[in-house]
Amino acid sequence: MSIFVNENTKVIVQGLTGGQGKYHGLRNRDYGTNVVAGVTPGKGGQDVEGIPIFDTVAEAVAATGADASFVAVPPKAAPAAILEAAAAGVGFVVCITEGIPAQDEARVFNTLLSDYPNTRLLGPNCPGIISPGKCNIGITAGEIAMPPSAEGPNVGIVSRSGTLTYQALYELKQKGIGVSTCVGIGGDPVPGTNFIDCLREFEADPDTHAIIMIGEIGGSAEEEAAEFIRGNVSKPMSAYIAGVTAPAGKKMGHAGAIVSGGKGTAQGKMDALADAGVKVGLNPTEAGELMAQIVAGLR
Amino acid sequence: MDLFEYQGKQYFARFDIPVSPGDKADTVDEAVAAAEAAGYPVVVKAQVQVGGRGKAGGIKLADNADEVRLHAGNILGMDIKGHVVHRLWVEHASDIDEEYYASFTLDRAAKKHLLMLSAQGGVEIEAVAESDPDAIVKLHIDPVVGLDAGTARQAAVDAKIPERALDGTADILVKLYRCFTEGDCDLAEINPLILKPTGEVHALDAKVSLDANAAFRHPEWAEYAETEVLDERERLAKTHDLQYIGLDGTVGIIANGAGLAMSTLDVVNQVGGSAANFLDIGGGANADVMAAALEVINFDQNVKSIFINIFGGITRGEEVAKGIVEALGRVDLRAPMVIRLDGTNAEEGRQILADAGIPESKLRSEPTMLAAARSAVALAQN
């Protein structure tokens, strides 16, 4: 098992004819992902290395039965592309686009919430998701992820930072630990999928036996996740929070201080997670080592 | 991107939010001219992006041209907590009956817009938030629905803003919300929002932070980029479009992704070193970007070693390697480099570096992030 995506997931790539979309879309296919179509307005009828291109997501879905979309279009076009996928009934949308205005993200998130509750958005500004050996949507280099073993124990990964997601996959592979699913939720202000969404799925997934969580300074998502873990996650966890020594960000007027109420520092997040029973490492390697100890205990 | 008060007020004016008549001034003569145009009495205000201007003597009242000359002369060039005053804002002084507080931000936890409104505005608003949190009304707004005048008025009622100021406050809230959304602000804050004896409600200060991601649809923001507070290193980085923050240490850092860059700072610190900077070359960086990053690092005289920490995803290892080779041909790097390269096309990247025949004294390759950090810190301490 895995969460959100598996070997049956059929993926369309919005922007398959563009530079990034083509490069990563084809890499995803090479990995074994079921990439069934591409969508680029005005280029319907063409193909990219055998993958048919459609003008609209609705046409692509009707022709292929796709149930997931990989959005790889520039920031100006990404909000509309996400909503187009949702309107066409796509249940899982992965958006890697970096640089979408926060106002647009907030509008897209709340539009999905009210009009398309059956569509889950992952991202924007995220590396995507990989269920090793089954499905890879996004920009993760598939070879750094170790597929899960039938007997386990296997680890689920959820991360706010793209490159640290790869780092976590890599640390586990070095240690010979399989991964059920690795989800990069992205570091933007309004992520479509958050830590808690992923933790809930991992808790319910019988093939995930332990979880690594990687957070970073800013916001309060890690503190909220810690609160959720305390009452809802029985599986053992390790974590790492980036930014212990990061320069203090610019304080956003009085409003920032009032909203955060002292939350947002790396230390505060590490303390909250440790209080919830999570083993917290001081760097990604240490978090990997802590997970290796957890896995050894489960074997 | 944070705006100065005068820019914030000019931005507010675009959305019809009432502000005091005034103008910016870079010299004493300009200050007098601005004062004459605004009408006495005036307030002469230092334009710096730091709190506590008033206590530092950076805000003065003037009743005539002589007083403007005196105060403007004193304030220009003044150092307020490390920020030197190069510019003043001179505006007509307002009579104040009451001071309120109003702001719009994005509440990341709720994923909604957040209005905060209080009848107890002024310099002590953060203390009010601690001692009497109920005195600040917090209202979540669905970005799809927006804020209408009725809801804004009710928020003002809930904040115990007096009857005679309700309509004026509601009107400003609706305009400030438009400024926040259509104006692509991360923060739009008025403190204090004042009630004048005449019954008018009016923005006496402006704190605006703009979302840099939205710059593509705001050509009018170009002028703000010219006044952004940056040190020389940061200015050079900006010309290359790099995410750079200058720090005080000796290990120059180049990483791809904000998380990995922060993590690199952490690891350098943990093994006893100190970072000279935060530099995220972003996703999909090509050889040009890599070469530019090395130029920026090389510009910093404190840098004794350079730690390049790359885990390729959208960034490809061979592009990073080409960038390093290219930079070596373009820039005379003073400090030795230590590289850790993994992820997408890392093998090809390592091969390119090996084939380039760069001496070990200039570039050392390490298998892990920790080993690379130790190596870079040791080089910096030699």
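From a predicted model like this one, the values you see are computed outputs, not experimental measurements.

**With respect to the overall build of chain B**
From N to C terminus, chain B includes 13 helices and 18 strands. A principal-axis box enclosing the C-alpha atoms of chain B has dimensions of 80 × 50 × 40 Å. Among the 382 residues that make up chain B, the fraction classed as buried is 51%.

**Some points on the environment of K24(B)**
Residue and element names in this part refer to chain B. The topology assignment puts K24 in strand β1 (residues 22-25). Each C-alpha atom, one on K24 and one on V44, is 9.7 Å from the other, the two residues being 20 residues apart in sequence. Look past the residues within four positions of K24 in its chain and what remains in contact with it is Y6, R87, L88 and W89.

**Some remarks on the environment of S20(B)**
As for its position among the elements, S20(B) is in the loop between α1 (5-14) and β1. Residues contacting S20(B), with those up to four places away along its chain left out, are E91(B), H92(B) and S94(B).

**Quick word on the nonpolar core**
Within the largest apolar cluster, 160 residues are counted, with the highest numbers of intra-cluster contacts made by V71(A), I82(A), V93(A), A239(A), L279(B) and A293(B). If you tally residues by element for this core, the top one is helix α10 (residues 287-299) of chain B, at eight residues. Those residues in contact with A293(B) that sit more than four places away from it in its chain are L242(B), I254(B), L279(B) and I281(B). Listed in part, the 68 residues of the second largest apolar core include A35(B), V42(B), I136(B) and A170(B).

**A look at the confidence of the model for chain B**
In this model, chain B carries an average pLDDT of 92, and 100% of its residues clear a pLDDT of 70 or more. Listed scores for the predicted complex are pTM 0.90 and ipTM 0.90.

**Some points on the interface of chain A and chain B**
Of the residues lining the interface, 53 residues belong to chain A; the matching set on chain B comes to 57 residues. Mapped onto the side of chain A that touches chain B, the elements with two or more residues apiece are α4 (102-115), α5 (162-174), α8 (253-260) and α10 (284-298) of chain A. Counting residues per element, the side of chain A that touches chain B draws most heavily on α4(A), at eight residues. Looking at the side of chain A that touches chain B, its residues break down into 26 nonpolar, 20 polar and seven charged.

**Remarks on the environment of L379(B)**
Tracing the backbone through its elements, the reader meets L379(B) in helix α13 (residues 369-381). Beyond its immediate chain neighbours, meaning those up to four positions away, L379(B) contacts K304(B), S305(B), P336(B) and V338(B).

**Some details on the sheet that holds strand β4 (residues 51-54) of chain A**
Strand pairing in a sheet is mediated by backbone hydrogen bonds. Such pairs are either parallel or antiparallel. Residue and element names in this part refer to chain A. With mixed pairing, seven strands are arranged side by side in an open sheet as β3-β4-β2-β1-β5-β6-β7. In this open sheet, the two edge strands, each paired with only one partner strand, are β3 (47-48) and β7 (120-122). Sheet analysis places β3 next to β4, joined by two bridges and oriented antiparallel. Looking across to β4, one finds that V48 is bridged to I51.

**Observations regarding helix α6 (residues 195-204) of chain A**
Residue and element names in this part refer to chain A. Listing the buried residues of α6 in full gives F195, C198, L199 and F202. Taken down its axis, α6 places every buried residue within 100 degrees of arc, on the same side. The inward-facing, buried residues of α6 abut β10 (154-159), β11 (178-184), β12 (210-216) and α7 (221-232).

**So, the packing of α10(B) against helix α11 (residues 317-330) of chain B**
The axes of two packed helices give the description: the angle between them and the distance between them. Residue and element names in this part refer to chain B. It is at 7 Å that the axes of α10 and α11 come closest, and there the two elements cross at 50 degrees. With respect to each other, α10 and α11 are oriented oblique. In this structure, the crossing between α10 and α11 has a hand that is right-handed. Facing α10, whose interface residues are A287, V289, M290, A291, L294 and E295, α11 presents E319, V320, K322, G323, I324, E326, A327 and R330.

**Here's the deal with the sheet that holds strand β8 (residues 128-131) of chain A**
All names here are of chain A. Strand order in the open sheet formed by seven strands is β9-β8-β11-β10-β12-β13-β14, and the pairing between neighbours is mixed. The open sheet has two edge strands, β9 (135-138) and β14 (279-281), and neither has a second partner. With direction set aside, neighbouring strand axes in the sheet form an average angle of 15 degrees. Sheet topology places β10 next to β12; five bridges connect them, and they run parallel. Looking at β12, one finds that S159 is bridged to I214. Here α10 sits on the sheet and contacts β10, β12, β13 (237-242) and β14; the angle it forms with β13, its principal contact strand, is near 175 degrees.

**Examining the domain arrangement of chain B**
Accessible area lost upon the coming together of the parts is a frequently used measure of interface size. If you check the domain split of chain B, you get domain 1 (21-92), domain 2 (98-222) and domain 3 (232-381). Look at where the C-alpha atoms of domain 1 of chain B and domain 2 of chain B centre, and you get two points 26 Å apart.

**Quick look at the packing of α6(A) against α7(A)**
Residues and elements named next belong to chain A. Interaxial distance between α6 and α7 falls to 9 Å at its minimum, and their mutual angle equals 25 degrees. The pairing of α6 with α7 is recorded here as roughly parallel in orientation. Between α6 and α7 lies a crossing whose hand is right-handed. Contact with α6, carried on its side by F195, I196, L199, R200 and E203, involves A221, E224, A225, F228, I229 and N232 of α7 and no other residues of that element. Within the contact of α6 with α7, the residues separate by chemical class into seven nonpolar, one polar and three charged.

About the thresholds
Each chain carries its own residue numbering, running from 1 in the direction its sequence is written. Here the convention is simple: chains get letters from A, ligands get numbers from 1, in the order in which they are written. Given that this is a predicted model, residues contribute local features only at a pLDDT of at least 70 and side-chain atom pairs are listed and counted only at 80 or more, while totals for whole chains, interfaces and linings are drawn from all residues. Helix and strand definitions here come from DSSP, where helices need a minimum of 4 consecutive H or I residues and strands a minimum of 2 consecutive E residues; each element is numbered from the N-terminal end. A residue is called partly exposed when the number of other C-beta atoms within 10 Å of its own lies between 12 and 20, exposed at 12 or fewer, and buried at 20 or more, with C-beta atoms placed from the backbone. Residue pairs qualify as contacts under a 7 Å threshold applied to their C-beta atoms, which are placed from the backbone. We call a set of buried Ala, Val, Leu, Ile, Met, Phe, Trp, Tyr and Cys residues a nonpolar core when their C-beta atoms link them within 7 Å. Confidence scores here are pLDDT values: one per residue, from the predictor, ranging 0 to 100. Ten residue types, Ala, Val, Leu, Ile, Met, Phe, Trp, Tyr, Cys and Pro, are classed as nonpolar, four, Asp, Glu, Lys and Arg, as charged, and the remainder, Gly among them, as polar. For two strands to be treated as a pair, DSSP must find at least two bridges joining them. For this quantity, the arc is that covered by the directions from the helix axis to the C-beta atoms. All axes are obtained by fitting lines to C-alpha atoms, using only the stretch in contact for helices, and the reported angles, taken between N-to-C directions, cover 0 to 180 degrees. Note that the term roughly parallel is reserved for angles under 35 degrees, roughly antiparallel for angles over 145, roughly perpendicular for angles of 65 to 115, and oblique for everything else. When the near helix sits turned anticlockwise from the far one by under a right angle, the crossing is termed left-handed; a clockwise turn instead gives a right-handed crossing. The split into domains, and so the bounds of each, comes from an automatic or database assignment of domains.

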